[in-house]
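A look at the structure
Residues per chain, in single letters:
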Amino acid sequence: SFHVAFISSVLSVPVSAAGREVLRFVFTSGETLISALFTYISWHSTIAVHEMGHYVKAVRLDALNARILPEAKVAMNKWLSTSY
């Protein structure tokens, strides 16, 4: 969340403080690039985990296509039996 807050604060720099030197420093600093990368990875990882939750719920409720449901149930049971 620190990195997202950093990116948000960079985007809200007032025009009066946004001189050429300030903008060059902010947008070429390593912290900005690392923060943007963390924000990107966090955003997409969260979406992926959320969507995997939908898939698990669909397997448990037998709501998947009948053609793929048996294989999905076997895979989930195998995964659950090896989880800690």
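Not measured: the values here are computed from a predicted model.

**Let's talk about the nonpolar core**
Counting residues in hydrophobic clusters, the biggest one holds six residues: Ala 58, Val 59, Leu 64, Leu 69, Ala 72 and Met 76. For this core, the elements supplying multiple residues, two or more each, are α3 (30–60) and α4 (69–82). The element best represented in this core is α4, accounting for three residues. Apart from the residues lying within four places of it in its own chain, the contact partners of Val 59 are Leu 64, Leu 69, Ala 72, Lys 73 and Met 76.

**Quick notes on the side chain of Ser 29**
In this fold, Ser 29 is placed in the loop between α2 (20–28) and α3. For Ser 29, a relative accessible area of 13% puts it in the buried group. Among the polar contacts listed, one links the side chain of Ser 29 to the side chain of Thr 32, at a separation of 3.0 Å.

Conventions used here
- Per chain, residue numbering runs from 1 following the sequence as it is written.
- In keeping with the predicted nature of the model, local features appear solely for residues at pLDDT of at least 70, side-chain atom pairs appear and are counted solely at 80 or more, and the whole-chain, interface and lining totals rest on all residues.
- By convention in this description, side-chain values take in all heavy atoms of the structure and omit both hydrogens and water.
- As used here, the term nonpolar core means buried Ala, Val, Leu, Ile, Met, Phe, Trp, Tyr and Cys residues forming a set that is joined through side-chain atoms within 4.5 Å.
- Burial here depends on accessible area, computed with a 1.4 Å probe over protein chains only, as a share of the maximum for the residue type. Under 20% is buried, over 50% is exposed, and the range in between is partly exposed.
- Only runs of H or I of at least four residues qualify as helices and only runs of E of at least two qualify as strands under DSSP, and these elements are numbered from the N terminus.
- Throughout, a residue-residue contact means that at least one pair of heavy atoms, one from each residue, lies within 4.5 Å.
- Under the rule applied, a polar contact is a pair of N or O atoms within 3.5 Å (in protein, one hydrogen donor and one hydrogen acceptor; residues adjacent in sequence only if both atoms are side-chain atoms).

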